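Each chain is listed here by its residues.
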Amino acid sequence: MSSTLTVVVPCYNERANIAPMVAALQAALVGVAWEVVFVDDNSPDGTADAARAIARQDTRVRCIRRVGRRGLSSAVIEGALSSSADYVAVIDGDMQHDETRLPLMLNALQGGAQLAIGSRHVAGGDNAGLASPFRARLSDVGIGLAKKLTGAEVNDPMSGFFMLRRDLFEALAARLNGQGFKILLDLVLASPAPLRIVEIPYKFRPRAAGESKLDALVMLQFAGLLIDKILRGAVPLRFISFALVGAFGVVINIAVLEAARSVGVSFGVAQTIGTFVAMIANFELNNQLTYRTQRLKGKKIWRGLLLFMLVCSLGAVANIGIANALYAQNASSVLAGAAGAAVGVVWNYAVSATLVWRAR
Ligand SMILES: Nc1nc2c(ncn2[C@@H]2O[C@H](COP(=O)(O)OP(=O)(O)O)[C@@H](O)[C@H]2O)c(=O)[nH]1
Ligand SMILES: [Mg+2]
């Protein structure tokens, strides 16, 4: 007999949370034919051993142990693709999500919804379990960006807690980006037609054991996911124009730097002036050339210029960060610099295309 519901639990160093998770599912899913798949990336704390010890006693429990791999999204994808059930749910392995919502999600799907999302941002849900005000802020910014850049009609597109029909997941699987943390957003964006989505409120709990794995790399992968989605279908000519303007900006930057230095301005100040002049020139050129079809005029120019400079500053941070990271891993300085610059220009282009020169 196959199960009705497969619960996929990505886990990394969650040993202490495995047994409580199985017990919680058992209590929440009375009357449902369920199974749970823990997808562990060979955690050093022995998470897989803990799962297998339970699996030996309980055939509803399975464990996929991946070696030489890391990544929440790809773990979820492989867990879901190992299912033969009618429905697949995804829930974090750290007890932060409220498993008692699972039957409600299942009801919603059986009533015709295609995707049920556990949401912290609809009435009755909350985000109190985020570890710090910084994380709450970060989460809000991420949600805002995701909504703005993608137009996804979901209040909590960053939720890691959701359920959908397995056949839908299988249909979308090949179109998934699979990088980083945000598998739900990835799924919503992969669907060629808008999905019938129901959001079910839940209260995000604080972590009871273990620690969070969200770090700078995860955030970078999130940026990559957004960029990937935006670039799909974008006009390449426009990107080329943007990149050429950027290259011209580098020339302006160096020219101003040298000119200021020749009249005795210190390097740091001269470079700062050069950078600002280059950004303003680039904004003007892009406004005249790259985005002439939606040129900003009048008062909108000032807002646009400010946003553009902000976006480019973030691009510069990503550029320097990536170049440093590659250089530290023994890449040649030219390769590291080029990779950093490439990421910077793609970021600047993708984000300014949507935020600064948004097509009406
Ligand atoms: N298999 C796998 N699971 C992961 C990985 N990174 C995070 N997880 C799991 O994904 C869930 C959410 O991660 P968590 O660190 O709690 O993120 P946060 O709640 O946003 O701080 C937890 O169950 C983690 O153990 C990974 O690289 N591989
Ligand atoms: Mg967590």
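Bear in mind that the values here come from a model prediction, so they are computed numbers and not experimental data.

## Side note on the overall build of the chain
Move 1: Per the secondary structure count, the chain includes twelve helices and seven strands.
Move 2: Dimensions of the chain along its principal axes, counting C-alpha atoms only, are 80 × 45 × 35 Å.
Move 3: About 17,600 Å² of surface is accessible on the chain, with carbon and sulfur atoms providing 61% of the total.
Move 4: Averaging the locations of the 36 positively and 26 negatively charged side chains of the chain gives two centres separated by 9 Å.

## Observations regarding helix α6 (residues 166-173)
Move 1: Those residues of α6 that fall on the buried side of the exposure criterion are Leu168, Phe169, Leu172 and Ala173. Along the axis of α6, the buried residues cluster in a sector spanning 135°; they form a single face.
Move 2: Considering only its buried residues, α6 is in contact with α3 (72-81), β6 (162-165) and α7 (183-190).

## Section: the sheet that holds strand β1 (residues 5-11)
Move 1: The strand order across the open sheet built from seven strands is β3-β2-β1-β4-β6-β5-β7, with neighbouring strands paired in mixed fashion. Edge positions in the open sheet fall to β3 (61-65) and β7 (197-201), since each of these has one partner strand only. Strand-to-strand, the axes of this sheet are offset by a mean angle of 20°, without reference to chain direction.
Move 2: Examined bridge by bridge, strand β5 (residues 115-119) and β7 share five bridges and lie parallel to one another. Bridged to Gly118 within β7 is Ile200.
Move 3: Against the sheet, helix α1 (residues 15-28) contacts β1, β2 (34-40) and β3, and its axis sits at roughly 160° relative to β2.
Move 4: Set on the sheet, α3 makes contact with β1, β2, β3 and β4 (87-90); between it and β1 the angle comes to about 155°.

## Looking at the site of ligand 1
Move 1: The environment of ligand 1 is made up of 19 residues, and the closest members are Glu14, Arg70, Asp94, Ser212 and Lys213.
Move 2: A distance of 2.5 Å separates an oxygen atom of ligand 1 from a polar atom in the side chain of Glu14.
Move 3: Out of a free accessible area of 570 Å², ligand 1 has 96% covered by protein chains.
Move 4: Elements with a contribution of two residues or more to the shell around ligand 1: β1 and α3.
Move 5: Of the residues in the shell around ligand 1, the class split is seven nonpolar, four polar and eight charged.

## Things to note about the domain arrangement of the chain
Move 1: Looking at the assigned domains, one finds that the chain contains domain 1 (5-211) and domain 2 (236-355).
Move 2: Computed over C-alpha atoms only, the centres of domain 1 and domain 2 are separated by 38 Å.

## Focus on the coordination of the magnesium ion (ligand 2)
Metal coordination angles have textbook ideals: 109.5 degrees for a tetrahedral set of four donors and 90 or 180 degrees for an octahedral set of six.
Move 1: Around the magnesium ion (ligand 2), the protein contributes the donor atoms Asp94 (OD) and Gln96 (OE1), which lie 1.9 to 2.0 Å from the metal centre. As far as burial versus exposure is concerned, Asp94 and Gln96 are alike and both buried.

## Here we look at the packing of aromatic side chains
Move 1: The final tally for this structure, using the stated rule, is seven aromatic pairs.
Move 2: Between Phe242 and Tyr349, the aromatic rings sit 5.4 Å apart at their centres with planes inclined by 65°, giving edge-to-face as the arrangement. With Phe242 in helix α9 (residues 236-262) and Tyr349 in helix α12 (residues 333-355), the pair connects residues that are 107 residues apart, well separated along the chain.
Move 3: Look at Phe308 and Trp357: their rings are 5.7 Å apart centre to centre, the planes differ by 65°, and that puts the pair in the edge-to-face class. On the criterion of sequence distance, the pair formed by Phe308 in helix α11 (residues 300-328) and Trp357 in the segment after α12 is long-range, its members being 49 residues apart.
Move 4: Residue Phe308 is classed as buried on the basis of its relative accessible area, which comes to 2%.
Move 5: For Trp357, a relative accessible area of 1% gives the class buried.
Move 6: Counting every residue linked through ring pairs, the aromatic cluster contains Phe283, Tyr291, Phe308 and Trp357.
Move 7: The ring of Tyr12 has Arg70 sitting right over it, with the charged end atom 3.6 Å from the ring centre.

## With respect to the environment of Phe162
Move 1: As for its placement among the helices and strands, Phe162 is situated in strand β6.
Move 2: Residue Phe162 is classed as buried on the basis of its relative accessible area of 0%.
Move 3: Sequence spacing of Phe162 and Gln26 is 136 residues, and the spatial spacing of their C-alpha atoms is 18 Å.
Move 4: Here Phe162 is in contact with Val88, Ala89, Val90, Met105, Leu115, Ala116, Ile117, Gly118, Ile183, Leu184 and Leu187, once residues within four sequence places are set aside.

## Digging into a positive patch on the surface
Move 1: A contiguous patch of positive charge on the surface is contributed by Lys148, Lys300, Arg303 and Arg358.
Move 2: Counting through the fold element by element, Lys148 comes out in helix α5 (residues 133-150).

## A word on the packing of α1 against helix α2 (residues 47-55)
Move 1: The N-to-C vectors of α1 and α2 enclose an angle of 25°; their axes lie 8 Å apart at closest approach. With respect to their mutual orientation, α1 and α2 come out roughly parallel. You can see that α1 and α2 cross each other, and the crossing is right-handed. On the side of α1, the interface is formed by Arg15, Ile18, Ala19 and Val22, while α2 contributes Thr47, Asp49, Ala50, Ala51 and Ile54.
Move 2: Class assignment for the residues of the contact of α1 with α2 results in six nonpolar, one polar and two charged.

Reading the values: rules and limits
Residues numbered from 1 in each chain as written. Chains lettered and ligands numbered in written order. Predicted model: local features only at pLDDT ≥ 70, side-chain atom pairs only at ≥ 80, totals over all residues. Heavy atoms only, no water. Helix = DSSP H or I, 4+ residues; strand = E, 2+ residues; numbered from the N terminus. Areas by Shrake-Rupley, 256 points an atom, 1.4 Å probe, with all protein chains shown as cover. Lys, Arg positive; Asp, Glu negative; His and termini not counted. Charge placed at Lys NZ, Arg CZ, Asp CG, Glu CD. Buried < 20%, exposed > 50% of the residue type's maximum accessible area, 1.4 Å probe, protein only. Arc of directions from axis to C-beta. Contact = heavy atoms within 4.5 Å. Pairing = 2+ DSSP bridges. Axes fitted to C-alpha atoms, helices over the stretch in contact; angles between N-to-C directions. Near = heavy atom within 4 Å. Polar contact = N/O pair within 3.5 Å; in protein donor to acceptor, adjacent residues only side chain to side chain. Nonpolar A, V, L, I, M, F, W, Y, C, P; charged D, E, K, R; others polar. Domains from an automatic or database assignment. Donors = N, O, S within 2.8 Å, 3.2 Å for Na, K, Ca; no water. Phe/Tyr/Trp six-rings, centres within 6.5 Å; stacked < 30°, edge-to-face > 60°. Lys NZ or Arg CZ within 6 Å of the ring centre and 35° of its normal. Patch = residues over 30% accessible without salt bridge, like charges linked within 9 Å, V, L, I, M, F, W, Y side chains within 5 Å. Salt bridge = Lys/Arg side-chain N within 4 Å of Asp/Glu carboxyl O. Parallel < 35°, antiparallel > 145°, perpendicular 65-115°, else oblique. Left-handed = near helix turned anticlockwise from the far one by under 90°.

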